[in-house]
Amino acid sequence: MLRRHFAAAVLGLALLGGCGGDPGQRPAPGRQAADQQQLQAKQTTRPAVSSGESLQVLDEYVAKFNKAATGADGRSWQALLGEPLSATAGARLRIGHGRPPERRTIALVNPVLFVPRLDGYPKWFVAAAMERRGRTGRPHQALLMFTRSGPDAPWLLANRTITAQKLPKIATDGQGYAIAVTAATPGRLAVNLNDLAATHAAYLTSGSGSTFAAGPYTSAWRDGQSATSKRLRDGGWLDTAAFAQTRYPLAALRTKDGGVLAWYALSRVDSLVSASHAAPDPGAVSREVRDYLGKPPRGARTEVRAAWLLLPLAYVPPGGQVSVLGLTTDLTSADTIQH
């Protein structure tokens, strides 16, 4: 079920709320000029998708998702996903014994579309909506990114972020289309987009630095990981985590204050080994990893390695600190190694 509501007849309307900085803040003159030049160059570039097709993409996604969910059809659910989200599909199906991870239907209420002009492929656009799961589920603010790898390829769900955070207002051109920003786009930002993923990975590794603002997906997220590490240590495990940027490209939209709303991907690899010569407690290992392995990891000489995909949604202001507004984390693989 897809309930449509638009506040104007053009695509690329402002998201709900605001985030960071003064809502009336204007871009710096240099960035404003660079954006203007970019806009002029893109006036002949066609939008990533037409308004009619974008709504059709949402309709078809909801219908196919609901059919796969109610029919416990894992293959049909997996076929709806594109990179980078598809990298987690195999693990989710293995954990669910071939069934999709979600068995409830979804409804997207009041979707707002953000469609940029893009040269070449892949094409992408973003839908912001209130997503409700099941007939009585509480709606949550969701951002869904759809991508298309070629002219004959289907539109696939590449990213999905659920967040309760206030979001920045998206800038649009004279025709109401969102303004895509690449890592090569000139302009001053709190963090260069080329360095954003690597800087975030370094922060998650060390927890130090003032680049990222405190919040549920930064400082509080690290606190949660510390609690997980303590539970593992109490169970006899010694854990290490390594974060890194990935091969997946960053996607970003200009915000009205001259900042950027960015989607990107990080990898995490966990290694768990016995903290002593005694066999550690297999129950201390996360349920996801245990379900993926299919049996409890036992033995003092057993190492558990688990790989995760992290999909942050970040607001990068013209200056100050980066705010992480959402973070989707899913297992991609796990294995045991005998030493």
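In this report, we go over the structure that sits alongside the text. Predicted model, so just to flag it, every value in this text is computed and none were measured.

A word on the overall build of the chain
Point 1. Within the chain one finds 7 helices and 11 strands.
Point 2. For the chain, the residues scored as buried account for 50% of the 339 residues in total.
Point 3. Sequence separation of 24 or more characterises 69% of the internal contacts of the chain that already satisfy a separation of 6 or more.
Point 4. As displayed, the chain has an accessible area near 16,100 Å², and 50% of this comes from carbon and sulfur atoms.

Description of the side chain of Asp330
Point 1. When you line up the elements, Asp330 lands in strand β11 (residues 323-338).
Point 2. Judged by its relative accessible area of 11%, Asp330 is buried.
Point 3. A distance of 2.9 Å separates a polar atom in the side chain of Asp330 from a polar atom in the side chain of Arg92.
Point 4. The contact partners of Asp330, leaving out residues within four places of it in the chain, are Thr88, Arg92, Glu288, Trp308 and Leu309.

Re helix α2 (residues 51-70)
Point 1. End to end, α2 covers 29 Å across 20 residues, agreeing with the expected 28 Å (1.5 Å per residue, within 8%).
Point 2. Backbone geometry just after α2 places Ala72 at a positive phi near 50 degrees.

As for the pattern of salt bridges
Point 1. Taken as a whole, this structure holds 11 salt bridges when the rule is applied.
Point 2. Across the pair Glu102 and Arg133 runs a salt bridge whose closest N-O atoms are separated by 3.2 Å. With Glu102 in the loop between α4 (89-95) and β2 (106-114) and Arg133 in strand β3 (residues 123-133), this residue pair connects regions lying 31 residues apart in the sequence.
Point 3. Measuring nitrogen to oxygen at the nearest pair gives 3.0 Å for the salt bridge that ties Lys230 to Asp234. Taken together, the residues Lys230 and Asp234, both in helix α6 (residues 219-234) and 4 residues apart, mark about one turn of the helix.

Observations regarding the pairing of strand β7 (residues 251-254)
Point 1. By the alternation rule, side chains of β7 split into Ala251 and Leu253 and Ala252 and Arg254, which are all buried.
Point 2. For β7 and strand β8 (residues 260-263), the ladder comprises 4 bridges, and the chain directions are antiparallel. Paired with Leu253 across the two strands is Leu261, which belongs to β8.
Point 3. Linking β7 back to β8 in an antiparallel pair, the connection comprises 5 residues, with Gly258 at a positive phi of about 90 degrees.

Section: α6
Given 3.6 residues per helical turn, the α-helix brings residues three or four places apart onto the same face.
Point 1. Between its first and last C-alpha, α6 extends 23 Å over 16 residues, near the 22 Å set by a 1.5 Å rise per residue.
Point 2. When we look at burial in α6, the residues that qualify are Trp221, Ser229 and Leu232. Down the axis of α6, the sector holding all buried residues measures 85 degrees, keeping them to one side. The exposed set on the far side of α6, more than 90 degrees from its buried face, consists of Asp223 and Asp234.
Point 3. Tucked into the core, α6 has its buried residues touching α5 (196-206), β6 (237-245), β9 (266-274), β10 (302-316) and β11.

Here's the deal with the packing of aromatic side chains
Point 1. Following the criterion strictly, the structure yields 6 aromatic pairs and no others.
Point 2. A centroid spacing of 5.4 Å and a plane angle of 35 degrees characterise the contact between Tyr203 and Phe212, whose relative ring orientation is tilted.
Point 3. Judged by its relative accessible area of 5%, Phe212 falls in the buried class.
Point 4. The ring of Tyr292 has Arg94 sitting right over it, with the charged end atom 4.1 Å from the ring centre.
Point 5. Above the plane of the ring of Tyr121 lies Lys123, whose end atom (NZ or CZ) is 5.2 Å from the centre.

Points about the nonpolar core
Point 1. By size, the foremost hydrophobic cluster in this structure holds 52 residues, and its most contacted members are Tyr61, Phe114, Trp124, Phe125, Leu143, Phe146 and Trp263.
Point 2. Looking at this core, the elements with two or more residues in it are α2, α4, β2, β3, β4 (140-148), β7, β8 and β10.
Point 3. The greatest single-element share of this core, amounting to 8 residues, is contributed by α2.
Point 4. Listed in part, the 39 residues of the second largest apolar core include Leu196, Tyr203, Trp221 and Ala262.

Rules used in this analysis
- Residues numbered from 1 in each chain as written.
- Predicted model: local features only at pLDDT ≥ 70, side-chain atom pairs only at ≥ 80, totals over all residues.
- Heavy atoms only, no water.
- Helix = DSSP H or I, 4+ residues; strand = E, 2+ residues; numbered from the N terminus.
- Buried < 20%, exposed > 50% of the residue type's maximum accessible area, 1.4 Å probe, protein only.
- Contact = heavy atoms within 4.5 Å.
- Areas by Shrake-Rupley, 256 points an atom, 1.4 Å probe, with all protein chains shown as cover.
- Polar contact = N/O pair within 3.5 Å; in protein donor to acceptor, adjacent residues only side chain to side chain.
- Expected span 1.5 Å × (residues − 1).
- Salt bridge = Lys/Arg side-chain N within 4 Å of Asp/Glu carboxyl O.
- Pairing = 2+ DSSP bridges.
- Arc of directions from axis to C-beta.
- Phe/Tyr/Trp six-rings, centres within 6.5 Å; stacked < 30°, edge-to-face > 60°.
- Lys NZ or Arg CZ within 6 Å of the ring centre and 35° of its normal.
- Core = buried A, V, L, I, M, F, W, Y, C linked by side-chain atoms within 4.5 Å.

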